[in-house]
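# Secondary and tertiary structure notes
This is what each chain is made of:
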Amino acid sequence: MARITGRTVLIVGASSGIGAEVARQLAGGGNRFVITARRAAELAAVAAEIRAAGSVCLDLPADALDATAAAGVVAAAVTEYGSVDIALLNAGQGPDMSMDRVGVADVSRIMALNYDVVVNYLVPLIAQLRGQTGGGLIAHTNSLAGLMGVPRQGPYSAAKAAVRTLLDTARVELAPHGVRFTSIHPGFVATERVGGDGLPKPFQISQERAARHVVRALEREPAQACFPRPAAALVRTLRALPAPVSDAVLRRLAAGL
């Protein structure tokens, strides 16, 4: 396992949370960063931390929902550094959303925030990495919720499952061209965004610990990386149980036990 040093790293969704913390943890390795998110001031603050730690950084405010803007970020990364070695697609949202209280627009919005934002970067990144020497790694911060339907997170689970399937297909198709894919599946992470959403969060971990898991996945490049261990084991067990049993367990978890 090689430590990530001297690489060009693109992080989407880097203004806070896991994306920002991954950047901080990699900043001491003399890497070349391109970080992007919608919030310019917060993004600039993360970029300043990266530079202070010894890496160079290009911070580019952009909306991941805008396909043209996303393609522009990839193009700017190549113009600045010549290639992209690692891309971490970290944009997304998973609010508390029960299926008996949502409208069609709500579901469509969650799909856009968790699926479209990935596709907007995935397509130009594939075109770039497929043509460059050595290919490259495209990693996506998915969720354990992308492995099964989670109560009160149905639209989010569906969007994450769709991305996982898309990346699984891309992994097979693009392996001959040196383009690698890693789907990263955290459980509940204590980020600022989800602090007061009301969802029960068994086995929740800090964003710093989550980022360490993400960095390890970027180093090792597994097809799927699931953490923390207790939450991942619970999901594996629930998927193996008969549906009536797993449904009953999920109902208790959703109610906060």
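Residues numbered from 1 in each chain as written. Predicted model: local features only at pLDDT ≥ 70, side-chain atom pairs only at ≥ 80, totals over all residues. Heavy atoms only, no water.

### Examining the overall build of the protein chain
Just so we agree on the cut-off: For helices the rule is a DSSP run of H or I covering at least 4 residues; for strands it is a run of E covering at least 2, with both sets numbered from the N terminus onward. What the globule rule says is 2.2 Å times the number of residues to the power 0.38, and the radius of gyration is computed from C-alpha atoms. Should any heavy atoms of two residues lie within 4.5 Å, those residues are counted as being in contact. Only the protein chains shown count as cover for residues, with accessible areas throughout obtained via the Shrake-Rupley method and a probe of 1.4 Å. For this count, His and the chain ends are skipped, Lys and Arg are scored as positive, and Asp and Glu as negative. Throughout, a charge is located at the NZ atom of Lys, the CZ atom of Arg, the CG atom of Asp or the CD atom of Glu.
When its secondary structure is counted, the protein chain shows eight helices and nine strands. For a compact globule of 257 residues, the expected C-alpha radius of gyration is about 18 Å, and the protein chain comes in at 18 Å, within 12% of that figure. Over its C-alpha atoms, taken along the principal directions, the protein chain stretches across nearly 55 × 40 × 35 Å. Within the protein chain, counting contacts between residues at least 6 apart in sequence, those at least 24 apart form 70% of the total. Total accessible area on the protein chain stands at roughly 11,400 Å², and carbon and sulfur atoms take up 55% of it. Looking at charge distribution, the protein chain has the averaged site of its 26 positive side-chain charges lying 8 Å from that of its 20 negative ones.

### Focus: the pattern of salt bridges
Note the following rule: Throughout this description, the term salt bridge denotes a Lys or Arg side-chain nitrogen within 4 Å of a carboxyl oxygen of Asp or Glu. Working definition: with a 1.4 Å probe on protein chains only, accessible area under 20% of the residue-type maximum means buried, over 50% means exposed, and in between means partly exposed.
Tallying each qualifying case throughout the model produces seven salt bridges. In this structure, Asp59 engages Arg51 in a salt bridge whose closest nitrogen and oxygen atoms are separated by 2.9 Å. Of the residues examined, Arg51 reaches a relative accessible area of 42% and is grouped as partly exposed. Among the ionic pairs, Arg152 bridges to Asp96, the shortest N-O distance being 2.5 Å. Taken as a pair, Arg152 in the loop between strand S5 (136-141) and helix H5 (154-174) and Asp96 in the loop between strand S4 (86-89) and helix H4 (104-131) lie far apart in primary sequence, 56 residues in all. Bridged by salt links that share partners, the residues Glu21, Arg24 and Glu49 form one connected network.

### Notes on unusual backbone geometry
With an omega of -5°, the peptide bond running from Phe227 to Pro228 counts as cis. The backbone phi angle of Arg152 is positive, close to 70°, even though this residue is not glycine. Even without being glycine, Glu221 reaches a positive phi, approximately 60°. Counting through the fold element by element, Glu221 comes out in the loop between helix H6 (207-220) and strand S9 (224-227).

### Here's the deal with the pairing of strand S2 (residues 32-37)
Short version of the rule: At least two bridges found by DSSP between two strands is the condition for calling them paired. Classification remark: right-handed applies to a crossover when, strands pointing away from the viewer, the course from the first strand over the helix to the second runs clockwise.
In terms of burial, S2 is largely enclosed, as five of its six residues are buried. Here strand S1 (residues 8-12) pairs with S2 via five bridges, running parallel. Its bridge partner lying in S2, Leu10 is registered against Val34. Traced from S1 through helix H1 (residues 17-26) to S2, the parallel crossover comes out right-handed. Of the strand pairs in this sheet, S2 and strand S3 (residues 56-61) are connected by six bridges, and their pairing is parallel. Paired with Arg32 across the bridge in S3 is Val56. Note that the unit made of S2, helix H2 (residues 40-52) and S3 has a crossover that is right-handed.

### Things to note about the side chain of His140
Its location among the elements puts His140 in strand S5. Beyond its immediate stretch of four places on either side in the chain, His140 contacts Leu89, Val118, Lys160, Val163, Leu167, Thr182, Ser183 and Ile184.

Geometric descriptors of this kind do not, in isolation, establish any biological role.
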